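Take a look at the letters that make up each chain.
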Amino acid sequence: MIAQAIGGKLDYAVMITYFVAVLGFGLCFGRYTKSTKDFFFGGQRFAWWLIAFSCIATVVGSYSFIKYSAAGFTYGVSSTQTYFNDWFWVPLLVLVWIPIIYYRRIQSIPEYMEARFDKPTRVAATVIILIYIVGYIGINLITLGKTLHTLLGWNIMTGAAVTAVAVALYVYIGGQTAIIMTDLAQGIILLIAGMGLFAAGIYHFGGFGDFWALLPQSHKYAFSDFAGPPEFSFVGIYVQDALANTGALMLMHQGFIMRFLSLKSVHDSRRMVVAWILILTPLAAVATSCGGWIAKALVNSGELETSPGDSFVKAANFLFAPGIFGFILAALTAALMSTADSLINAVSAVFVNDIWKPYFKRDADDKHYLLVARITSLAAAALGLALVPIFMKDTIYGAHGMFTAAVTPPVLVAIFLGITWRRYTPVAAFVTIVGGAVLVAASFIWPDALIGPLDFGMGPGSHKFMRALFGLLASGALGVFVSFVTKPKPAEQIKGLVAGTQLDAMRQFKGAEPNRRPGSKAKVIVHIDPALTEGVAIVCRGTLDAMAAEPGDLLYAAHASWYYGGLRSVHVKAGPLAADPEDSIIRMHPADAETARFSQNQRVVLEKIM
Amino acid sequence: MSRIWPIICQFGIGGVLCAIGIICGLRGRYFDMKLPRDRRFLAVVILGFIVLLALAAIFTFLAPYWPQGATP
């Protein structure tokens, strides 16, 4: 990395302004958090586009710009291949996993494990997931600390502490709503910064053709070679990233689970994944990698000297004026904060749902759990910060990496088989998780014997990647074998928890037969009526007909201005038909209007959820 | 072939994963081909698959051979 801090005073000013703005932005959404549902899931009210932007901000981590630019500098366009393998998980995510967790009101992965399997599996999952997430908070903080140390000359601990305090503060006050709103801003910033660098590079070279001509031919392929080099082979990256990591991100990442549950409806998850994976992810791929491509072209034109690790920062520093470079540094910080905030909130959710509620205080009121959740988010940030000096010792950092590699494939396989295969048994799930982790751990002791046969002849240099393949195959084999010799749960007990029973989950969610007839949205005006029951709204026949809805259906009313993205909205149940003939009125209880921040005569858009 | 195997692997295994998701959706009729919005979503999944395959093909068979120095 660069030995000397390269940021100037103007860059400092931009960075500090950015920190203050993000903090203020996050804090101002604190007023929307009044319950644990708000704190963990933002009240389940957000539009698809908000969640898509926040997901991309979370996916792009603190080290993405540096790491992918380094790969782009060394290997070219194939540095983006990890971003283009997410789409294949979409049907499973949208048609199976999200309907199950949303309609069954599952709040955490361990909770799903108990509902689908049994308590021992939940305990195993809780321990594994907590170590996994808290470790990741520490890794994110140390990464940013190191980056700020390199760029601005700050002490590593100072950079990590400043970031941890800022993130913890807005998570503590605003919960998921603050995370989603700040991630929206941060997602936009990091895309603008990355794409801005790409555009500046193309402009500098005089057009795309001239830039393209400066890259070696080996840099122009979508994928790296199938089985080489060991540290960047296609097959190694594919099994580790496309299968293990992307699967884990979609199915077992508590932060993403909570983000999916923040959507206003399961149906919105379809638009969300299209926007996130098909539109924003390719942009993020270019944004994070282009620093390396531009730097390579600059080196080949004799204008720059750099190493792969410095390529992003050096290319940005070469092309941008002071101040704008500070904006680029802010984007790096944005990438960290938008990943760390989700992890902190995720720790809080797992602790409250899977430890505090079942083992310490079972039947307390929601205010109590909200307080515990808030305190836990501060504790999670503090714990992550405490890990920074520990992770500076490579052995501990490496140990967490090994732990992650050991537990990701088994937990992923357990969820995958759990949602797709009714015959998969509770004993098999436990054996998959614990036995699979033990087998992967054994692969660190005997790599040649266990991973060697699967490394496509690439040798020990590829084992870091190919271990994922061993883990998936070993865990899968264990799960399938044990399932055939043990007894599955009765079909009645896994309704709504496995593929083929999503409609049962919908019925449980609504408490009645779901109405799936296609309808349109209706524009109505709010009348607040204290005589009504909370959670029930009255609309006339004409409005219900437009939405193809019936009394008893679940409705969603949102502020007529789209840019609120569901921030001002509420779910209600359609009550008995209105006596008056006015088509464009919705009558609702003051508490529902207060939840949505609707005033009397507010214009809203009403739609049927189910 | 070392550049073609990745395409076969990514879109072959990827296709199987997509198929598993779609079949799991169709089972129990949660994903119902009688509903227009479900048919639309299936079309989007297939379209996304084709777009990604086209991108991979372009950056394997065409882009590396674009004329040096000329804007394609």
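Draft legend 1. Representation of the overall build of chain A. Within chain A, the regular secondary structure consists of 22 helices and six strands. Here the C-alpha atoms of chain A give a radius of gyration of 25 Å, agreeing with the 25 Å that 2.2 N^0.38 yields for 610 residues. Taken along its principal axes, the extent of the C-alpha atoms in chain A is 80 × 60 × 45 Å. Every one of the 610 residues in chain A was classed for burial, and the buried ones make up 60%.

Draft legend 2. Examining the overall build of chain B more closely. The helix and strand tally for chain B stands at two helices and zero strands. For chain B, the C-alpha radius of gyration of 17 Å lies well beyond 11 Å, the compact-globule estimate for 72 residues. Judged by the C-alpha coordinates and their principal axes, chain B covers about 55 × 25 × 10 Å. Looking at chain B as a whole, 22% of its 72 residues are labelled buried.

Draft legend 3. The sheet that holds strand E4 (residues 569-574) of chain A, seen in detail. All names here are of chain A. Here we have six strands rolled up into a closed barrel, ordered E1-E5-E2-E4-E3-E6, and mixed in their pairing. Adjacent strand axes in the sheet meet at a mean angle of 45 degrees, parallel and antiparallel pairs treated alike. Pairing of strand E3 (residues 554-559) with strand E6 (residues 603-608), which is carried by five bridges, proceeds in the antiparallel orientation. By the bridge assignment, Leu555 is partnered in E6 with Lys608.

Draft legend 4. Up close: the pairing of strand E2 (residues 536-539) of chain A. All names here are of chain A. Judged from the two bridges that link them, E2 and E4 form a sheet pairing that is parallel. Bridge assignment links Val536 to a residue of E4, and that residue is Lys573. Looking at chain direction, E2 and strand E5 (residues 585-588) are connected through two bridges and run antiparallel. Bridge pairing links Ile538 to Arg587 in E5.

Draft legend 5. Up close: the confidence of the model for chain B. Mean pLDDT over chain B stands at 90; residues scoring 70 or higher make up 93%. Among the scores for the predicted complex, ipTM is 0.94 and pTM is 0.92.

Draft legend 6. Structural context of the domain arrangement of chain A. All names here are of chain A. Domain boundaries in chain A define domain 1 (9-394) and domain 2 (515-608). Using only C-alpha atoms to locate each centre, domain 1 and domain 2 end up separated by 36 Å. Taken together, the contact between domain 1 and domain 2 spans eight residues of the former and five residues of the latter. When its residues are assigned to classes, the side of domain 1 that touches domain 2 shows five nonpolar, one polar and two charged.

Draft legend 7. View of the pairing of E6 of chain A. Residue and element names in this part refer to chain A. Because side chains alternate across E6, one face comprises the buried residues Val604, Leu606 and Lys608, and the other comprises Arg603, Val605 and Glu607, none of which is buried. Where strand E1 (residues 522-528) meets E6, four bridges bridge the pair, whose relative direction is antiparallel. Its bridge partner lying in E6, Ile525 is registered against Arg603.

Draft legend 8. Here's a closer look at the interface of chain A and chain B. On the side of chain B, 40 residues touch chain A, which itself brings 39 residues to the contact. Those elements that place two or more of their residues in the side of chain A that touches chain B are helix H5 (90-103), helix H9 (208-213), helix H10 (234-251), helix H12 (268-300) and helix H20 (502-510) of chain A. Among the elements that make up the side of chain A that touches chain B, the one with the highest residue count is H5 of chain A (six residues).

Draft legend 9. Representation of unusual backbone geometry. Residues and elements named next belong to chain A. Phi at Phe456 takes a positive value of approximately 55 degrees, unusual for a residue other than glycine. Relative to the helices and strands, Phe456 is located in the loop between helix H18 (447-450) and helix H19 (463-485). Looking at Phe456, the number of C-beta atoms within 10 Å reads 17, which means it is partly exposed. Although it is not a glycine, Arg597 sits at a positive phi angle of roughly 55 degrees. Mapped onto the elements, Arg597 comes out in the loop between helix H22 (590-596) and E6.

Draft legend 10. Geometry of the environment of Ser338 of chain A. All names here are of chain A. Structurally, Ser338 is set in helix H14 (residues 324-360). When the C-alpha positions of Ser338 and Arg517 are compared, they lie 38 Å apart, and in sequence the two are 179 residues distant. Other than its neighbours up to four places away in sequence, Ser338 contacts Ala57, Thr58, Thr182, Asp183, Gln186 and Gly187.

Draft legend 11. Inspection of the confidence of the model for chain A at higher detail. Residue and element names in this part refer to chain A. Mean pLDDT over chain A stands at 89; residues scoring 70 or higher make up 97%. Ranking the elements of chain A by mean pLDDT puts helix H1 (residues 9-27) last with 79 and H5 first with 96. pLDDT under 50 marks residues 1-5. Its contacts with residues more than four places away, or in other chains, come to nine contacts.

Draft legend 12. Inspection of H14 of chain A at higher detail. Residue and element names in this part refer to chain A. Between its first and last C-alpha atoms H14 spans 51 Å; for 37 residues at 1.5 Å apiece the expected length is 54 Å, and the two agree. By the largest-angle criterion, Val352 marks the main kink of H14, which is about 35 degrees. Within H14, 30 of the 37 residues are buried, which leaves the element mostly enclosed by the surrounding structure.

Draft legend 13. A look at the packing of H1 of chain A against helix H8 (residues 156-205) of chain A. All names here are of chain A. One can describe the packing of H1 onto H8 by two numbers: an axis separation of 7 Å at closest approach and a directional angle of 100 degrees. As far as their axial angle goes, H8 and H1 are roughly perpendicular. Two secondary-structure elements touch here, H1 through Phe19, Val22, Leu23, Phe25, Gly26 and Leu27 and H8 through Ala166, Leu169, Tyr170, Ile173, Gly174, Ala178, Met181, Thr182, Ala185 and Gln186. Within the contact of H1 with H8, the residues separate by chemical class into 12 nonpolar, four polar and no charged.

Here is what the cut-offs are and how they apply
- Residues numbered from 1 in each chain as written.
- Chains lettered and ligands numbered in written order.
- Predicted model: local features only at pLDDT ≥ 70, side-chain atom pairs only at ≥ 80, totals over all residues.
- Helix = DSSP H or I, 4+ residues; strand = E, 2+ residues; numbered from the N terminus.
- Rg over C-alpha atoms; globule rule 2.2 N^0.38 Å.
- Buried ≥ 20, exposed ≤ 12 C-beta atoms within 10 Å, placed from the backbone.
- Pairing = 2+ DSSP bridges.
- Axes fitted to C-alpha atoms, helices over the stretch in contact; angles between N-to-C directions.
- pLDDT = per-residue confidence, 0-100.
- Domains from an automatic or database assignment.
- Contact = placed C-beta atoms within 7 Å.
- Nonpolar A, V, L, I, M, F, W, Y, C, P; charged D, E, K, R; others polar.
- Expected span 1.5 Å × (residues − 1).
- Bend = angle between axes of the 7 residues up to and from the residue.
- Parallel < 35°, antiparallel > 145°, perpendicular 65-115°, else oblique.

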